[in-house]
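Chain residues, written in single-letter form:
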Amino acid sequence: MTLHPAAVGAVAPDFELQDQHGTPVRLSGFRGGKVVLVFYPLAFSGVCQSELAALRDLDTDAQILTVSVDSLFTHRAWADQEGYGFPLLSDFWPHGQVARAYGVFDDAKGIARRGTFIIDGEGVIRWSVVNPAGTARDVAAYVEALADIS
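Analysis parameters
Residues numbered from 1 in each chain as written. Predicted model: local features only at pLDDT ≥ 70, side-chain atom pairs only at ≥ 80, totals over all residues. Heavy atoms only, no water. Phe/Tyr/Trp six-rings, centres within 6.5 Å; stacked < 30°, edge-to-face > 60°. Helix = DSSP H or I, 4+ residues; strand = E, 2+ residues; numbered from the N terminus. Buried < 20%, exposed > 50% of the residue type's maximum accessible area, 1.4 Å probe, protein only. Lys NZ or Arg CZ within 6 Å of the ring centre and 35° of its normal. 1 Å grid on protein atoms, 1.4 Å probe; cavity = no way out; pocket = protein on both sides within 12 Å on 5 of 7 lines; lining within 4 Å. Points joined across faces, edges and corners; volume = space filled by probe spheres on them. Nonpolar A, V, L, I, M, F, W, Y, C, P; charged D, E, K, R; others polar. Arc of directions from axis to C-beta. Contact = heavy atoms within 4.5 Å.

Using the criterion set out here, one finds nine aromatic pairs in the structure. With centroids separated by 5.4 Å and ring planes inclined at 45°, the aromatic side chains of F39 and Y102 adopt a geometry described as tilted. Remark: Y102 occurs in the loop between α3 (97–101) and β6 (105–106) and F39 occurs in strand β3 (residues 35–39); sequence separation between them is 63 residues. Here Y102 falls in the buried class, since its relative accessible area comes to 0%. Look at F39 and F117: their rings are 6.0 Å apart centre to centre, the planes differ by 90°, and that puts the pair in the edge-to-face class. Taken together, the positions of F39 in strand β3 and F117 in strand β8 (residues 114–119) put the pair 78 residues apart, joining distant regions of the chain. For the residue pair F39 and F117, the accessibility class agrees, reading buried in each case. Three or more aromatic residues link up through ring pairs in this structure, and these residues are Y40, F44, W78, Y84 and F86. Seen from the ring of F105, R100 lies directly overhead, with NZ or CZ sitting 4.0 Å from the centre.

As structure tokens, then:
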């Protein structure tokens, strides 16, 4: 399957998903500020846990939003266990709809790929990366990309 992630320079597809507390979160609600949108395969997995821990410890003024196909109940348990203060958004149903909109849904496995999109205050994708399964993303690259966005 060919992967076609949402393009840098395009307006980020808007969406509304529930966070780990059941609160609706809409991407367009963060206009005016930077957003780091992180898709990950599954909660409680080793690589995902290390990546989200790095995001938890990241010192940034950007809003971190993470998305997986896990249920909000799974996200709540994981956020409570790991101390994640940012929204863990459930793309559970319709299954993977937001991951599909961003071109990072793996149809064969039924999960999101490791895609990251940095979105500016106008809602435009300014930077993105999609890593292969099992390969962690470099959070330092996020910091560099964020620094380039005014």
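Structure shown, so let's carry the discussion forward.
As a further point, take empty space enclosed by the protein. In total, this model carries two cavities of 30 Å³ or more according to the counting rule given. Its residues placed into classes, the lining of the largest cavity shows six nonpolar, three polar and three charged. In this model, the second largest cavity occupies a volume close to 30 Å³. Broken down by secondary-structure element, the contributors of at least two residues to the lining of the second largest cavity are α1 (46–56) and α4 (139–147). Along the lines of polarity and charge, the residues of the lining of the second largest cavity split into four nonpolar, no polar and two charged.

Now for helix α2 (residues 72–82). Taken as a whole, α2 has its buried residues at L72, H75, W78, A79 and E82. On an axial view of α2, the arc spanned by its buried residues comes to 125°, and they lie on one face. Turned more than 90 degrees off the buried face of α2, the exposed positions are F73, D80 and Q81. Close packing links the buried residues of α2 with β1 (16–18), α1, β4 (63–68) and β5 (88–90). After α2 finishes, the residue G83 shows a positive phi value of roughly 75°.

Interpretation in functional terms is not warranted from these geometric data alone.
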